[in-house]
Amino acid sequence: MTLLAWVSVAVFLAAYALIATEKVHRVAAALGGAWVMLLIHATNAESAFFSEHSGIDWNVIFLLLGMMIIVGVLKQTGVFEYLAIWAAKRARGRPFRLMVLLVLITAGASALLDNVTTVLLIAPVTFLVCERLAVSPVPFLIAEALSSNIGGAATLVGDPPNIIIASRGGLSFNDFLIHMAPLVLVLMGVFVGLCWLMWGRTFRYDPERAAEVMALNEKEAIADRKLLWQSLAVLGLVLAAFVLHPVLHYEPSVVALLGAGVLVAFTKVTTEQSLAEVEWPTLVFFAGLFVMVGALVHTGVIEQVSRAAVEATAGQPELTTMGLLFGSAVVSAIVDNIPFVATMSPIVAELVQAGGGESAQVLWWALAFGADLGGNATAVGAAANVVVLGIAARNGAPISFWQFTKYGLIVTAVTVTLVAPYLWLRYL
Amino acid sequence: MRARDLVADYPVVTLDTPVLEAARLLAEQDLPGLIVRGDEGLTILPGTEALRLAVPRYIMDDPALARVVDEAHADKFLRALGGRPVREALPGERRDLPVTDPDATVVELAALMARTRSPLVAIVESGELIGAVTLQALLDRMLGT
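A. Summary view of the overall build of chain B. Helices and strands together make up the secondary structure of chain B, namely nine helices and six strands. Counting across all 145 residues of chain B, residues that qualify as buried make up 26%.

What follows is the structure, encoded as structure tokens:
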């Protein structure tokens, strides 16, 4: 490797360490890394802004932007609060039933929307309902964070790592539905069983308290019926367009932007309001990451690493797949899974190509499952976990790092272990 | 017209006064806020902060939930305040009460209120709190109502 390649590796590792240790804000670390890469000519404007292989992945950025706008409008309607209260009433105030319904709603919503938004909307209702039932909200909140990460694994748009994997691997929405979603359904069933073992056995039903829950009126949660129907219609059309990609030939990023455009143009929500909900720092973080990883591609580092990986794993698809699955889970438990997947994607792309293209596609699923489910292992493994801990602390029900992690580790160990036979039996 | 002409007795609470008692004072005397005598001098408890303690955080986080709670349960929130002290209701960032002397002019008072965005100015003479001038009293005087 050239000196420039070695320097770019050092810059990348330094920025990665800053992101992992949170010594500086992750956006500053990613942009700082990109800044140095451009300064030392490890990459250039042509490569960083216009290259499909070594530049900013605009499909990822614009898919995230479009979905953020759609979610921003949807959350103003109160539909999540409606669903959660409806679930509490359907559970008739029985705590375990309530937990099951809430985790299923969280997982379902996380598969279609982003995980952080989902837990941000479900958590306040959880406090309200738990207060009425006089039960601790802590087990419910932990279960919701865990289920959002499991549910998010099911679809292309469910978790940011999936969006990156889809774009880099040329995988469609339907590919995720066919290869990820069936196992996620099984994992949710297993997760419900784990919820019973971890918490459900200790819950007690109190008929008087249950009556308090039944007194809630979920219809009051709907702020604007017209906006609700408009946003649900747009969300439905967007999902249909994702599924109909083979017929319509619209990329997911284009579909999300078209959907967001329809909502902004034809509802009472103003452009300013819809843009206010966009998490700009996250989008900039992605851009910085792509420039950094692109520099490694541009200087030939990724090619070298990929070649070494191809040689080391040649003729051992089983070992490669399992190594990728468990390795991704361990790394994602400790550091943010987004930079990890952004870095691994070009390497996995080479491995898939060397392994025979479509027949080696299992590596993408191993990476996706490992990164998505690994985030459950610790309180800092996924953004949804961090957000839940923050909400719990603000509402006087703090959850410690270890309190979360002891349950997270169990769920991660069980779910990732179940992925292994699935991948083995179906693809290897 | 000087501050001494506008000053009126004003209730003072301590950091340990129950919020519920403070809220009653606010309501009964139609006050915009209360003067709190704390470890680091005088501070102000705006009425909205007392309210903040009475509304669960998760409802403030999610306005859609506020509509779901009926009045019977809203009363429970208030009762749940129990004996929680004023110190818990004070804003995280300490807000010093604007203080001036009895010789301050009406314009000085108005400028002080506008600058500090406080509807209340404490009047102190020789280190002793002699009362406060409220926004309402000041406006009454300025507009001649």
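Let's pick the thread back up.
B. Quick look at the overall build of chain A. From N to C terminus, chain A includes 23 helices and zero strands. Taking 428 residues into account, the globule formula puts the C-alpha radius of gyration at 22 Å, and chain A, at 22 Å, falls close to it. Overall, the C-alpha framework of chain A stretches about 75 × 45 × 45 Å when taken along its three principal axes. A buried classification covers 53% of the 428 residues belonging to chain A. Counted over contacts in chain A with a minimum sequence separation of 6, partners at least 24 positions apart contribute 81%.

C. Structural detail: the interface of chain B and chain A. Each partner contributes to the interface: chain B provides 10 residues, whereas chain A provides 15 residues. Only helix 4 (57–61) and helix 5 (63–66) of chain B provide two or more residues apiece to the side of chain B that touches chain A. If you tally residues by element for the side of chain B that touches chain A, the top one is helix 4 of chain B, at three residues. Here the side of chain B that touches chain A is composed, by residue class, of five nonpolar, no polar and five charged.

D. Spotlight on the confidence of the model for chain B. When the pLDDT values of chain B are averaged, the result is 84; 98% of them are 70 or greater. As a predicted assembly, this complex carries a pTM of 0.84 together with an ipTM value of 0.70.

E. Region of interest: the sheet that holds strand 6 (residues 128–134) of chain B. All names here are of chain B. As summarised here, the arrangement of the three strands in space is 4-5-6, forming an open sheet in which the pairing is mixed. Each edge of the open sheet carries a strand with a single partner, namely strand 4 (99–100) and strand 6. Bridge count between strand 5 (residues 120–125) and strand 6: six bridges; the pairing is antiparallel. Counterpart to Val121 in the pairing with strand 6 is Val133.

F. Representation of the sheet that holds strand 3 (residues 41–46) of chain B within the structure. Residue and element names in this part refer to chain B. Strand order in this open sheet of three strands is 1-2-3, and the pairing throughout is mixed. What marks the edges here is a single partner per strand, and that holds for strand 1 (12–14) and strand 3. Across the sheet, the mean angle from the axis of one strand to that of its neighbour is 40°, orientation sign disregarded. With six bridges connecting them, strand 2 (residues 33–38) and strand 3 associate as antiparallel partners. Residue pairing for strand 3: Arg37 is matched across the bridge by Leu42. Along the sheet, helix 3 (residues 47–54) makes contact with strand 2 and strand 3, crossing strand 3 at roughly 65°.

G. A look at the nonpolar core. Core analysis: the largest hydrophobic core is formed by 152 residues, its most contacted members being Ile70, Ala84, Met292 and Leu367 of chain A. The residues touching Leu367 of chain A, leaving out its near neighbours within four places in the chain, are Ile165, Leu324, Ser328, Val341, Met344 and Val348 of chain A. One finds Leu31, Leu45, Ala104 and Val133 of chain B within the second-largest nonpolar core, a separate group that totals 26 residues.

H. Looking closely at helix 23 (residues 401–427) of chain A. Residues and elements named next belong to chain A. For helix 23, built from 27 residues, the straight-helix expectation of 39 Å at 1.5 Å per residue is met to within 8% by its first-to-last C-alpha distance of 37 Å. Residues of helix 23 that are buried: Phe404, Thr405, Tyr407, Gly408, Val411, Thr412, Thr415, Val416, Val419 and Leu423. Where helix 23 is buried, its residues meet helix 8 (138–152), helix 11 (181–198), helix 19 (317–334), helix 21 (362–374) and helix 22 (383–394).

I. Seen up close, the pairing of strand 5 of chain B. Residues and elements named next belong to chain B. Across two bridges, the pairing between strand 4 and strand 5 is parallel. Bridge assignment links Val99 to a residue of strand 5, and that residue is Ala122. For the segment spanning strand 4, helix 8 (residues 106–116) and strand 5, crossover handedness is right-handed.

J. Representation of the packing of helix 17 (residues 280–298) of chain A against helix 20 (residues 337–354) of chain A in the model. Residue and element names in this part refer to chain A. Here helix 17 crosses helix 20 at 30°, and the two axes come no closer than 10 Å. Relative to helix 20, the element helix 17 is oriented roughly parallel. Here the hand of the crossing between helix 17 and helix 20 comes out right-handed. Along the contact surface, helix 17 presents Leu289, Phe290, Val293 and Val297, while helix 20 presents Pro339, Ala342, Thr343 and Pro346. Each residue belonging to the contact of helix 17 with helix 20 can be placed in one class, and the counts come to seven nonpolar, one polar and no charged.

K. A look at the packing of helix 18 (residues 301–313) of chain A against helix 20 of chain A. Residue and element names in this part refer to chain A. One way to put it is that helix 18 packs onto helix 20 with a least axis distance of 9 Å and a crossing angle of 45°. Looking at the two axes, helix 18 sits oblique to helix 20. As helix 18 runs across helix 20, the sense of the crossing is right-handed. On helix 20, the residues that touch Ile302, Val305, Ser306, Ala309, Val310 and Thr313 of helix 18 are Pro346, Ile347, Glu350, Leu351 and Ala354.

L. Looking closely at helix 6 (residues 95–112) of chain A. Counted at 1.5 Å a residue, the expected span for helix 6 of chain A with its 18 residues is 26 Å, and the 26 Å between its end C-alpha atoms agrees. Taken across its 18 residues, helix 6 of chain A has 13 buried, putting it largely inside the fold.

M. Highlighting the environment of Tyr205 of chain A. Residue and element names in this part refer to chain A. Relative to the assigned elements, Tyr205 resides in the loop between helix 11 and helix 12 (207–214). It is 60 Å that separates the C-alpha atoms of Tyr205 and Phe50, two residues lying 155 residues apart in sequence. Beyond its immediate stretch of four places on either side in the chain, Tyr205 contacts Arg94, Pro95 and Ala210.

N. Main features of unusual backbone geometry. Residues and elements named next belong to chain A. With a phi close to 65°, His41 is a non-glycine residue in the positive phi region. For His41, the position within the fold is in the loop between helix 2 (26–39) and helix 3 (45–50). Its 12 C-beta neighbours within 10 Å are what place His41 among the exposed residues. One non-glycine residue, Ala134, adopts positive backbone phi at about 55°. Structurally, Ala134 is set in the loop between helix 7 (115–133) and helix 8.

Here is what the cut-offs are and how they apply
Residues numbered from 1 in each chain as written. Chains lettered and ligands numbered in written order. Predicted model: local features only at pLDDT ≥ 70, side-chain atom pairs only at ≥ 80, totals over all residues. Helix = DSSP H or I, 4+ residues; strand = E, 2+ residues; numbered from the N terminus. Buried ≥ 20, exposed ≤ 12 C-beta atoms within 10 Å, placed from the backbone. Rg over C-alpha atoms; globule rule 2.2 N^0.38 Å. Contact = placed C-beta atoms within 7 Å. Nonpolar A, V, L, I, M, F, W, Y, C, P; charged D, E, K, R; others polar. pLDDT = per-residue confidence, 0-100. Pairing = 2+ DSSP bridges. Axes fitted to C-alpha atoms, helices over the stretch in contact; angles between N-to-C directions. Core = buried A, V, L, I, M, F, W, Y, C linked by C-beta atoms within 7 Å. Expected span 1.5 Å × (residues − 1). Right-handed = clockwise from strand over helix to strand, strands pointing away. Parallel < 35°, antiparallel > 145°, perpendicular 65-115°, else oblique. Left-handed = near helix turned anticlockwise from the far one by under 90°.

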